[in-house]
Amino acid sequence: MTSPTSPTSPIPRFRRVLRARSTRRRAALPAAAAAALLAATPLLTACGSTPHPGAAAVVGKDRITVAQLQRQVADVREAQEASPQGEQLMANSARLGQDTLVRLIQYRIIEKAGRDNGLDVSRHELQEERLQVERANGGADAVRARFLALGIAPGQIDEALSMDLLRTKLDGKLGPARTNQVLMQTSEALRVDVNPRYGTWDAKRGTARPVQEPWLRPAAVPDPESPV
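Residues numbered from 1 in each chain as written. Predicted model: local features only at pLDDT ≥ 70, side-chain atom pairs only at ≥ 80, totals over all residues. Heavy atoms only, no water.

(A) Seen up close, the confidence of the model for the protein. Of the residues in the protein, 67% reach a pLDDT of 70 or more, and the chain-wide mean stands at 76. Per-element confidence in the protein is highest for helix α3 (residues 66-82), whose mean pLDDT is 96, and lowest for helix α2 (residues 31-40), whose mean pLDDT is 36. Low confidence marks residues 19-48, where pLDDT is under 50. Its contacts with residues over four positions away, or in another chain, come to 84 contacts. (pLDDT = per-residue confidence, 0-100. Helix = DSSP H or I, 4+ residues; strand = E, 2+ residues; numbered from the N terminus. Contact = heavy atoms within 4.5 Å.)

(B) Spotlight on the environment of Ala113. The residue Ala113 is located in helix α5 (residues 96-116) in this model. For the pair Ala113 and Thr179, spaced 66 residues apart in the sequence, the C-alpha separation amounts to 8.8 Å. Once you skip the residues sitting within four places of it in the chain, Ala113 turns out to touch Leu170, Val182, Leu183 and Thr186.

(C) Region of interest: the pattern of salt bridges. In total, this model carries 8 salt bridges according to the counting rule given. Here Arg95 makes a salt bridge to Asp99, at a shortest N to O gap of 3.5 Å. A salt bridge links Arg130 to Glu134, with the nearest nitrogen and oxygen atoms 3.0 Å apart. Within this pair, Arg130 and its partner Glu134 are both found in helix α6 (residues 123-136), separated by 4 residues, close to a single helical turn. With respect to burial, Arg130 and Glu134 carry one shared label: buried. The network of salt bridges with common partners includes Arg130, Glu134 and Asp158. (Salt bridge = Lys/Arg side-chain N within 4 Å of Asp/Glu carboxyl O. Buried < 20%, exposed > 50% of the residue type's maximum accessible area, 1.4 Å probe, protein only.)

(D) Quick peek at the packing of α5 against helix α9 (residues 176-190). Where α5 contacts α9, the axes come no closer than 9 Å and their chain directions differ by 110 degrees. What the angle tells us is that α5 and α9 run roughly perpendicular. Contact residues: Arg108, Ile109, Ile110, Lys112 and Ala113 in α5; Val182, Leu183, Thr186, Ser187 and Leu190 in α9. Residue composition of the contact of α5 with α9, by class: 6 nonpolar, 2 polar and 2 charged. (Axes fitted to C-alpha atoms, helices over the stretch in contact; angles between N-to-C directions. Parallel < 35°, antiparallel > 145°, perpendicular 65-115°, else oblique. Nonpolar A, V, L, I, M, F, W, Y, C, P; charged D, E, K, R; others polar.)

(E) Highlighting the side chain of Asn137. On the secondary structure map, Asn137 appears in the loop between α6 and α7 (140-149). In this structure Asn137 comes out as buried when scored by relative accessible area, which is 4%. At 3.3 Å, the side chain of Asn137 and the side chain of Arg146 are in polar contact. (Polar contact = N/O pair within 3.5 Å; in protein donor to acceptor, adjacent residues only side chain to side chain.)

(F) Highlighting the pairing of strand β1 (residues 55-59). Most of β1 is tucked away, with 5 of its 5 residues classed as buried. Sheet analysis places β1 next to strand β2 (residues 62-65), joined by 4 bridges and oriented antiparallel. The residue bridging Ala55 from the neighbouring strand is Thr65, located in β2. Linkage of β1 to β2, two consecutive antiparallel strands, is achieved through a turn of 2 residues, within which Gly60 is found at a positive phi near 65 degrees. One ladder, built from 2 bridges, connects β1 with strand β3 (residues 193-194); its direction is antiparallel. Each bridged residue has a counterpart across the sheet, and for Ala57 the counterpart in β3 is Val194. (Pairing = 2+ DSSP bridges.)

(G) View of the packing of helix α8 (residues 157-174) against α9. Running from amino to carboxyl end, α8 crosses α9 at an angle of 120 degrees, the nearest separation of the two axes being 7 Å. Classified by the angle between their axes, α8 and α9 sit oblique to one another. In this structure, α8 crosses over α9, and the sense of that crossing is right-handed. In this structure, α8 contributes Arg167, Leu170, Asp171 and Leu174 to the contact, and α9 contributes Pro176, Arg178, Thr179, Asn180, Val182 and Leu183. Considered class by class, the residues forming the contact of α8 with α9 number 5 nonpolar, 2 polar and 3 charged. (Left-handed = near helix turned anticlockwise from the far one by under 90°.)

So, in structure tokens, the structure goes:
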């Protein structure tokens, strides 16, 4: 099994990358971990699905419209263009549309799993998390720059942190192994349907490749010296 920061690891999530936990651990966002998260974003296969005019994906009864997806992508591109590293950021995010859609789908799955288990994230908890991350990573500007390297615009950071907090609460209540099962079951129950323009969703793997769901974490952290 690969280590959590390996470019081929299927498990990196914002909370692992940031190391900003509710237990007040010091946060950190190394550049290698940022690259790993981008590399771990699942690919969608270019297959057909049920027609949903105007929708990039349908997650249960929730429609992610093409317009919503395009606005999210446009916000990221605008922020990238304004960055001194804009050229490199754009070159490193060629699949931004697919990556963004996958993330939006994952958010909805995690949110549904949280509701089903009586969990949510309060505004106060999110504010505390944001402050902790900023203090531990060099301030608000540095955090915005690091999230932008992950393909997340400044206005999208709170949602990303909120979903990671919720995922961590699920881990705390159910344990990582059971949480993995719950997320897969929730994904299947929601019957995610992706516009053929963007691919098709694999509820069990979240990817067209034979790897774990990208939002799943192993029940035990592997020995970093163990063979890949």
